[in-house]
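# Breakdown of the fold
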Amino acid sequence: MTDFLTFVREHADKLLEQTLTHIGLTAVSLLLALLLGVPLGILISRRSRLAGSVLGIAGVLQTVPSVALLGFLIPVLGIGVGPALMALFLYALLPIIRNTYVGITEVDASVKEAARGIGMTNRQVLTKVELPLALPVIFAGVRTATVINVGVATLAAYVAAGGLGEFIFSGIALSNVNMMMAGAIPAALLAIGFDVALASLQRLSVRKLRIGAVAFIALMPFLSAFYWLPIQQDKLIAGFAHEFYGRADGYPGLQKTYGLNLHPRLIDQNLMYEAIRSGQVDIISGYSTDGRIQAFDLLVLADNRHAFPPYDAAPMVRQVTLNRFPELGQTLNLLAGKLTDSVMTALNYQVDYEKQSPESVARTFLTRVGLYKRPEPRQRSETVVMGSKVFTEQYILAEIYRQLIEGQTSLRVVTKTGLGGTQICFDALRTGAIDFYPEYTGTGLLVILQPSAHTLANLSMQSDSIYDYVQHQFHQQYQLNWLKPLGFNNSYCLMMRRDQAKQLGIKTIEDLVNYMER
Amino acid sequence: MIEIRNLTKRFASYTAVFDLSLTIAQGETLVLLGTSGCGKTTTLKMVNRLIEPTSGSIRVDGVDVMKQAAFELRRRIGYVIQDGGLFPHYTVAEAIATVPKLLDWGPEMIRERTNELINKLRLPQTLLARYPAELSGGQRQRVGLARALAVRPSIVLMDEPFGALDPFTRRQVRRELFGLNELRETTVVLVTHDVSEALELADRIALMDAGRIVQVATPDALLTSPASDFVRDFLDDKPHRLHD
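Residues numbered from 1 in each chain as written. Chains lettered and ligands numbered in written order. Predicted model: local features only at pLDDT ≥ 70, side-chain atom pairs only at ≥ 80, totals over all residues. Heavy atoms only, no water.

### Concerning the overall build of chain A
Inclusion rule: Numbering of helices and strands runs from the N terminus; a helix is a DSSP stretch of H or I covering at least four residues, while a strand is a stretch of E covering at least two. Residue exposure (1.4 Å probe, protein chains only): buried if accessible area is under 20% of the type maximum, exposed if over 50%, otherwise partly exposed. The criterion used for residue contact is that any of the two residues' heavy atoms lie within 4.5 Å.
Helix and strand counts for chain A stand at 25 helices and 10 strands. Oriented by its inertia axes, the alpha-carbon framework of chain A measures out at about 95 × 60 × 50 Å. Within chain A, the proportion of its 518 residues that are buried is 54%. By sequence separation, contacts in chain A at least 24 residues apart represent 79% of the contacts at least 6 residues apart.

### Regarding unusual backbone geometry
Residues and elements named next belong to chain B. Residues other than glycine seldom take positive phi values, yet Asp 61 does so here, at roughly 50°. With respect to the secondary-structure elements, Asp 61 resides in the loop between strand S4 (55–60) and strand S5 (63–64). Phi is positive for Asp 104, close to 60°, though the residue is something other than glycine. By the element assignment, Asp 104 lies in the loop between helix H3 (92–102) and helix H4 (107–120).

### A closer look at the interface of chain B and chain A
By convention, interface size is frequently given as the accessible area that disappears when the constituent parts associate. The condition is simple: As a working definition, buried area equals the accessible area (1.4 Å probe) given up by two parts on being put together, with both sides summed. One side-chain nitrogen of Lys or Arg within 4 Å of one carboxyl oxygen of Asp or Glu is enough to make a salt bridge. Side-chain atoms alone can form a polar contact between residues adjacent in sequence; in general such a contact is a pair of N or O atoms within 3.5 Å, and within protein one must be able to donate a hydrogen while the other accepts it.
If you look at the interface, chain B gives 22 residues, while chain A gives 19 residues. Both sides together, the interface formed by chain B and chain A hides about 1800 Å², and carbon and sulfur atoms give 60% of it. Taken as a group, Arg 74, Phe 87 and His 89 of chain B account for 32% of the area that chain B buries against chain A, more than any other trio of residues on that side. Summed over the shared surface of chain B and chain A, the number is 1 salt bridge. The salt bridge partner of Lys 45 of chain B is Glu 113 of chain A, with a shortest N-O separation of 2.7 Å. Joining chain B to chain A, the criterion identifies 6 residue pairs in polar contact (both at pLDDT 80 or more). When residues of the side of chain B that touches chain A are traced back to their parent elements, those giving at least two are helix H2 (70–75), strand S6 (77–81) and H3 of chain B.

### Re the environment of Leu 30 of chain A
Residues and elements named next belong to chain A. With respect to the secondary-structure elements, Leu 30 resides in helix H2 (residues 12–46). With a relative accessible area of 1%, Leu 30 lands in the buried category. Remark: the alpha-carbon pair of Leu 30 and Tyr 91, spanning 61 residues in sequence, is separated by 9.3 Å. Among residues more than four places away in sequence, those in contact with Leu 30 are Ala 92, Ile 96, Val 142, Ala 145, Thr 146, Asn 149, Phe 216 and Met 220.

### Observations regarding the domain arrangement of chain A
Short version of the rule: For every domain, the bounds stem from an assignment made automatically or drawn from a database.
When its domains are assigned, chain A resolves into domain 1 (2–228), domain 2 (238–306 + 494–517) and domain 3 (313–490). A C-alpha centroid distance of 46 Å is found between domain 1 of chain A and domain 3 of chain A.

### Description of the packing of helix H5 (residues 81–105) of chain A against helix H7 (residues 122–152) of chain A
Residues and elements named next belong to chain A. Selection criterion: All axes here are fitted lines through C-alpha atoms, helices being fitted over the stretch that makes contact, and every angle between N-to-C directions spans 0 to 180 degrees. An angle below 35 degrees is read as roughly parallel, one above 145 as roughly antiparallel, one from 65 to 115 as roughly perpendicular, and any other as oblique. Left-handed describes a crossing whose near helix is turned anticlockwise from the far helix by less than a right angle; the clockwise case is right-handed. Residue polarity follows a fixed list, in which Ala, Val, Leu, Ile, Met, Phe, Trp, Tyr, Cys and Pro are nonpolar, Asp, Glu, Lys and Arg are charged, and the others, Gly among them, are polar.
Relative to each other, H5 and H7 sit at 155°, their axes nearing to 7 Å. What the angle tells us is that H5 and H7 run roughly antiparallel. Helix-helix and strand crossings are classified by hand; for H5 and H7 the assignment is right-handed. For the contact of H5 with H7, the residue count by class is 16 nonpolar, 6 polar and 1 charged.

Here it is in structure tokens:
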């Protein structure tokens, strides 16, 4: 609890900014939904034949999972405010259209007839009778839409549109509960706050509600304005993955080593590359063996001061498993040194861009290095469970391991791909849910071991020394074994579009810092 | 004056009113009497064009109703329905001011007329700020009538105006209302299925059945010389009608 309060205090500025952005996002999308939804609701209350199809379409939009909706919108609207606002707008539509429609059609028929009978025109019947009487129902719809939007707005953090989702997703990526809570609690409070405020507005008498409605609508652009507060803009815009932004060996490490000071936009790591390609951001974080470096013609900025520790990949195996299946260790070590940086980048490229399956890429690779054996058909009673994280490289490694083990041994391999992050993989391994997975030395050092600053300062940031240190520590502390490194170093890196970097004369991170300070 | 000539209204599945002709004199109170579904309400609503006739014509004060804008026609014809037809979000004062406002009366004129009406209808001044939900049934009905009479229309249409009231209140309210001088000078067309109400209020009764008028006559004439067995039965039936 004190940790949490400390976290909140330390990040108060950021938290306020995120909250305001969050309110802004909700308000803008709600305003747009009101502008379209209320007239549309009125229209379908007049043309009941349209009602079915309009409500149907809005209903279908409502059922699209929010992440999928963002996925559909990104190719059209790019990254940032556009898709986030559009998604929120679409979600808010249904409750507003439906409640406007229901509110109007449920006004007592005799009241409507009386209104016409005493000589009101159709417009007067609408504005003086139907809309005022439908207001409480319309408000109930606005209330539903608002609460939905406060929740969905957290997903804006996936597409660099900010909001409280930044803390939530960074917190999840980093297994940092305090950070997660610092996003989730204000988001929940916002939802409750809006709900209570609108509920009390809804309970007002019809006359006061009219005043309330005007006040609410007048307040909307004001709340929306939070979103357009001037945000600090750098000469070059950085888009970082949530994990990179928070991890000690990511952006904080860069700040410490180079004094780099950016105002990065946080974005889902898979969308980051699309963002830099389309020029919406200029610098991204990434991994040095990513296939997209080749595909999008990106330049990896040289880390001349070694801010990023080496990330040599090697399988990490439970000691228990090794004792039980000695042949597993020998088999896994067959790959030692076979996968260099360029080989791994090429494999990633084949899967990500040539759309080959990890399975066929793995087989081609194993065949080329002479390690492929067709698995003998035999009874496989012994099972090893392999884990992998959720990105292409790990999928390929998992496939290589599976084919290698099943070709060389009589073990059966069960794969658990899709373990969300380092902490999750490590916990799964330690508890025995999985037997081994490919890990990176730098990650093991900084995410799991987290040595003191003093110890770190004494470590030489060379591949060999880090590997030795990590291997030793893991064995001692957790009875986990690092087998021989595969040969590539998938370290964190910063990258830019090659043509832009060339034009600005930026080759190293130091060049970048100098350019930004100029 | 209302002149109805050869009025017919067909709906998709049935004919509600068939070849109906009727003249209602200025200042007269005419009651359209009949069972549910006999076409009396349809006839009434064609006068202020809430329903458009299939054929035939209606002239109000000499002008064909189809030749004028429906909303302008309706503003000149008072309209009272069951339970008043009041808007739940309008206070009594606002309700009475509704039609005058549609006709752009000044506030001073509206205030004078409102006071005049609530005095005549014996509604207390304190009621002006109340909403319909806070009124008794009899009060709602009076406010409904006040709204209909506000701009002194020459014609008032009433569709089962006392239908929502209990028998005691109903007798009281209608005696009071029809005692008003205002209403005496006005042409009233009233729809009801209540024989005693018809007999009490009407100058003439038009008894309807299956979309046609069976007989039009003063209450006395109707009782003394019914045109058919149907008329006699309908009027005789009075003591046995359970749902009055």
